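# A look at the structure
As a plain string of letters, each chain reads:
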Amino acid sequence: MIGAHFLLFFSICAYAVWTLYVWINYALGASYNDLRSYAPLLPFAMVALGPFAWHLAKQFARDLSIPLAAPQTTLGPSRPRLLLLAVSLMLFAAALLQTLFKPDSRYLWEWMLLAASSILIYLAAQPSPAFLRRTTNLETSPRGAFGGPPPPVFGGFFLPYLVCVLGLAALYLLGIHPDADDTHFLGSAVGMLHSPDQALWSTDPFFGIAGMPDYVSRLNIGEGLALVSVLLYDLTGLSHLFIYYTVLPLLTTALLPLPIFLLTRAFFPRYAWAGVFFAFALLAIWSTDNHAHGHFFLPRLYHGKSVFVSLLIPAIYYITRGLAQRPSLGRALLLCLTFIASGGFTTSGLYLALVAGGLSWLAFARPPLLNLVRAAALFLLATLPNLAMLHLVARGVLDIPHARAAGAATATATAAAAAAATVAGATVKEVKDLFWTFGGTIDIVGILFTVWFGMLVTTALAWRDVRAHELRRLWLLLTVVALSPPIGALLKSLTSIGNLDWRWYWVFHLGVLWSLTAAASLQAGAQLVAARQSGPNAWASRLTAQAQTLAASGLLAIVLAFLALNWNYLSHKYATHPYYLKVYDKQLAVVRHLQAFDLKGRLILADERVTQLLPRTLQGAYFISPNSGYFSMPYFPAPEAADRRALRNLVSGPTPLDAPGLARLTTAIETRKIEVLVLDTAIANPAQLEEIQRTTGMACHNASGWSLCLDPAVTERPTGPTHPDATKTWPMAMNGRPSAEAPAADGRPATGSAAPSPGR
């Protein structure tokens, strides 16, 4: 296990070094040129942390090799405990019925019933202090006193790890889930190349207005994933898009199994890989109609927030457990670096990492009192860098003019739209709606069963195994705190963090819970098989003998049920050939065509699907509207923002241009000096394109299924060694060939584009 620990720990340390470097440069007001100057020294600092990571890897691996003693006394069921379980079952049934037949959009009553049910299960097997004192503590367990951990059910580490990583990598490459957020993630990083002498995250790269700050990226200060891809492009010439969408995510897939496997192995050594495969199977086939762990798994693994959710939250659970049980400065430093890496992947990680670590500490901390005090003090020290960076980010956000007023206006507009839709009889999913976060009724029911059954099976194990008490505390805390809509809403109101009411649920990590539930079920089945005795009830004896087989069959049935429920959605997540860049073929085709022209400083008005891609690829072009979400920021006075929004809607469809729209478009081209116009061929007919050419002097032609109009001043990109960009192009090859089938009208690949199920 040393190698698995080292790979995980060293990777976290390496990215934390890069993140710290970015944070220090930002705090000092450094420019991109300053950042680039000393970046080649970073690999030496990362390598210097290798011995540190190796030392801690040996410590954590040694912890896993020390078996826990069996309790001296068996905590068996009694009448009061069985009564508590019965009441818990009734409360769980009430939560289930409320979810199925009369769900609350804020999910308050359902959560209260589920939390009460979990508390009763916890109390049903809560041991006395004397019982816990009679068990052997991890600190003093003699190695080998009760024999080493049983061998994994798959026979080793490397083979199942290799199968898991290759499967995840293949599914990621087949994924077809572009995301508009990359417009500002990559667009801001690319913009630093255009203003290399300006302070990081200080200059707007989208609108080309002198002195305009980069307001959008104030929300992403210190995130380094897009920036590292641009820096590697600048240093090596390798396509930043290929690095961002292919290289970095594939490296991440090599790490994804490790934290969940190690955490599961700490409790169920024999069934750790079985739990990991079960959890990843559910996550991989979970519908994209959610904003929780399925959505931030393979579909968007190129985003830093997905890496944080899928990789670092489980790692925080595991590393915090190690600190809570064996506090030391080395383990505290590793946890601190993990917190820093979390903030380097997403600004949400600055505070959610601390929440996940705090819950893990409460779940896994062990007496004596001195141990608790040391672990708590070291944990608090580990949070200091994140708290300092959180202050800098908050200060940058509060510097945005009218930031709170803009947020209030957005909330008012959302409420008005919801009210209008309600009058029209439509169903609106709001951010506060837990169903918007997790997907739908079936998904919520599955989560309810995960929570209740996981707590129940660990309670059954707790009557015979002291290790299960740690898991029961973790389950209880995650259910009562991390799955709590009131806490998320309260923190949002106190902090004014707009997305906290749904990102709060990231801490409630379903991948971890699914893996532990599956392994616990198999462990419980194995214990029943080992403890079976022949008696007067032959039927019960035979059933007990097949308990493990029944548990495995149940887990397989759950995977197949998930697959059936999400079958129609899979076509929207996976294609039949690899996509090395997560962008649609139709948009990519016209952007490739535009690469032949020198568009530096040119103003572009294009279909929104195209303008979401252009800022990631072109050097120095500016836009009327790069992304519809940007108008919620205070870039322009209200009339100007409304006019830009109207122009975007005019060229983005879905309705074709009419005579007034055509007149407005040609007037805007003249008055705003728009030099590049990109329309879907379904928006403007040939006669309208001729009118655009006649009134504006543009030259229009068809380019890969798009109508492209260029001002005469726009010329082809110069070639040859004298051109400054001649040695640094923007290669965008996705799979080396066009899609085998024509793209659909909306730009999605036609391959496997089945319609979603109407019932979801």
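None of the values given here were measured: they were computed from a predicted structure.

### Observations regarding the overall build of the chain
- Within the chain, the secondary structure is distributed over 33 helices and five strands.
- Residues counted as buried form 55% of the 760 residues belonging to the chain.
- Accessible surface, the chain: about 30600 Å² in total, of which carbon and sulfur atoms supply 66%.

### Examining the nonpolar core
- Counting residues in each nonpolar core, the largest one holds 197 residues, and the members touching the most others are F9 and W18.
- Not counting the four nearest positions on each side in its chain, F9 is found in contact with A53, L56, A57, F60, Y318, I319 and L334.
- Within the second largest apolar cluster, 21 residues are counted, among which are L603, A668, I683 and M698.

### Examining the packing of helix α1 (residues 2–27) against helix α15 (residues 329–345)
- For the pair α1 and α15, the least separation of the axes is 8 Å and the interaxial angle reads 60°. Compared by their axis directions, α1 and α15 come out oblique. Seen along the crossing, α1 lies across α15 with a hand that is left-handed. Contacts from F9, I12, C13, Y15, A16, T19, L20 and W23 of α1 reach α15 at L334, L337, T338, I340, A341, G343, G344 and F345.
- Partitioning the contact of α1 with α15 into residue classes produces twelve nonpolar, four polar and no charged.

### Focus: the state of the cysteines
- Scanning the entire structure with this criterion turns up one disulfide.
- Across a sulfur-sulfur distance of 2.1 Å, C700 and C709 are joined as a disulfide pair. Linking C700 and C709, the disulfide has an S-S dihedral of approximately 110° and is accordingly described as right-handed.

### Side note on the pairing of strand β3 (residues 676–680)
- Within β3, five of the five residues are buried, which leaves the element mostly enclosed by the surrounding structure.
- A two-sided burial pattern is seen for β3, the buried positions comprising V676, V678 and D680 on one face and L677 and L679 on the other.
- Across three bridges, the pairing between strand β1 (residues 603–606) and β3 is parallel. By the bridge assignment, A606 is partnered in β3 with V678.
- Two strands pair when backbone bridges link them, and β3 and strand β5 (residues 706–710) are joined in this way by five bridges, in the antiparallel orientation. Residue pairing for β5: L677 is matched across the bridge by C709.

### Re the sheet that holds strand β2 (residues 622–623)
- The strand order across the open sheet built from five strands is β2-β1-β3-β5-β4, with neighbouring strands paired in mixed fashion. Strands at the two margins of the open sheet, each flanked by one partner only, are β2 and β4 (699–703).
- Relative to β2, β1 runs parallel, the two sharing two bridges. Following the sheet pairing, L603 is matched in β2 by Y622.
- This element, helix α29 (residues 585–594), spans β3, β4 and β5 of the sheet and lies at about 25° to β5.
- Packing of helix α31 (residues 638–652) onto the sheet brings it into contact with β1, β2 and β3, and relative to β1 it is tilted by some 55°.

### Thoughts on the packing of helix α16 (residues 349–364) against helix α18 (residues 384–398)
- Look at α16 against α18: their axes get within 9 Å of each other, and the N-to-C directions meet at 145°. Here the hand of the crossing between α16 and α18 comes out left-handed. Contacts from G349, L350, Y351 and L354 of α16 reach α18 at N386, L387, M389, L390 and V393.
- In the contact of α16 with α18, the residues fall into seven nonpolar, two polar and no charged.

### Side note on the packing of aromatic side chains
- Applying the stated criterion to the full structure yields 25 aromatic pairs.
- Centroid distance Y245 to Y302: 5.1 Å. Interplanar angle 65°. Geometry classified as edge-to-face. In this pair, Y245 is assigned in helix α11 (residues 240–253) and Y302 in the loop between α13 (272–285) and α14 (304–325), connecting sequence segments 57 residues apart.
- A relative accessible area of 1% means that Y302 is categorised as buried.
- Aromatic pair F261 and W273: ring centres 4.4 Å apart, planes at 25°, arrangement stacked. Placement of the pair is F261 in helix α12 (residues 257–267) and W273 in helix α13, with a sequence separation of twelve residues.
- Residue classification places F261 among the buried residues on the basis of a relative accessible area of 2%.
- Joined through ring pairs, the aromatic side chains of F157, Y161, F261, W273 and F277 make up one cluster.
- The side chain of R321 reaches across the aromatic face of F364, ending 5.7 Å from its centre.
- Positioned above the aromatic ring of W706, the side-chain terminus of K586 is 5.1 Å from the ring centre.

### Quick word on a nonpolar patch on the surface
- Together, L20, I24 and L28 give the surface a local cluster of nonpolar side chains, amounting to about 300 Å² of exposed area.
- Residue placement: L28 occurs in the loop between α1 and α2 (32–38).
- With a relative accessible area of 70%, L28 lands in the exposed category.

### Quick look at the pattern of salt bridges
- On inspection of all chains with the given rule, the structure shows 18 salt bridges.
- Among the salt bridges present, the one from R326 reaches D63, with a minimum N-O distance of 2.9 Å. Residue R326 is found in the loop between α14 and α15, and its partner D63 is found in helix α4 (residues 50–65); the two are separated by 263 residues along the sequence. Pair check on accessibility: R326 and D63 agree, each one buried.
- Salt bridges here are not isolated pairs; linked through shared partners, they connect E640, D643, R644, R664 and R672.

### A word on helix α33 (residues 686–696)
- Within the span of α33, buried status applies to Q688, L689, I692 and T696. End-on, the buried residues of α33 take up no more than an arc of 105°, which puts them together on one face. Counted as exposed and oriented over 90 degrees from the buried face of α33: P686, A687, E690 and R694.
- Structurally, α33 contributes buried residues whose contacts are with α32 (659–672), β3, β4 and β5.
- The N-capping residue of α33, defined by a side-chain oxygen 3.1 Å from the backbone nitrogen of A687, is N685.
- Looking at the residues trailing α33, positive phi occurs at G697, about 80°.

### Some words on unusual backbone geometry
- Positive phi is not limited to glycine here, since K673 has a value of about 60°.
- Topologically, K673 is positioned in the loop between α32 and β3.
- In this structure K673 comes out as exposed when scored by relative accessible area, which is 64%.

### Focus on the side chain of R331
- Here R331 is to be found in helix α15.
- R331 sits in the buried class, given a relative accessible area of 2%.
- Of note is the side chain of R331, whose polar atom sits 3.3 Å from the side chain of Q59.
- Excluding its chain neighbours within four sequence positions, the residues that come into contact with R331 are L56, Q59, F60, D63, I319, G322, L323 and R326.

### Focus on the confidence of the model for the chain
- Put simply, the chain has an average pLDDT of 79, and 79% of its residues get 70 or more.
- Across residues 69–75, where pLDDT falls below 50, the model places 20 contacts with residues more than four positions away in sequence or in other chains.
- Predicted confidence for residues 403–432 stays below pLDDT 50, and this span has 22 contacts to residues more than four positions away or in other chains.

Calculation criteria
Residues numbered from 1 in each chain as written. Predicted model: local features only at pLDDT ≥ 70, side-chain atom pairs only at ≥ 80, totals over all residues. Heavy atoms only, no water. Helix = DSSP H or I, 4+ residues; strand = E, 2+ residues; numbered from the N terminus. Buried < 20%, exposed > 50% of the residue type's maximum accessible area, 1.4 Å probe, protein only. Areas by Shrake-Rupley, 256 points an atom, 1.4 Å probe, with all protein chains shown as cover. Core = buried A, V, L, I, M, F, W, Y, C linked by side-chain atoms within 4.5 Å. Contact = heavy atoms within 4.5 Å. Axes fitted to C-alpha atoms, helices over the stretch in contact; angles between N-to-C directions. Parallel < 35°, antiparallel > 145°, perpendicular 65-115°, else oblique. Left-handed = near helix turned anticlockwise from the far one by under 90°. Nonpolar A, V, L, I, M, F, W, Y, C, P; charged D, E, K, R; others polar. Disulfide = S-S within 2.5 Å. Pairing = 2+ DSSP bridges. Phe/Tyr/Trp six-rings, centres within 6.5 Å; stacked < 30°, edge-to-face > 60°. Lys NZ or Arg CZ within 6 Å of the ring centre and 35° of its normal. Patch = residues over 30% accessible without salt bridge, like charges linked within 9 Å, V, L, I, M, F, W, Y side chains within 5 Å. Salt bridge = Lys/Arg side-chain N within 4 Å of Asp/Glu carboxyl O. Arc of directions from axis to C-beta. Polar contact = N/O pair within 3.5 Å; in protein donor to acceptor, adjacent residues only side chain to side chain. pLDDT = per-residue confidence, 0-100.

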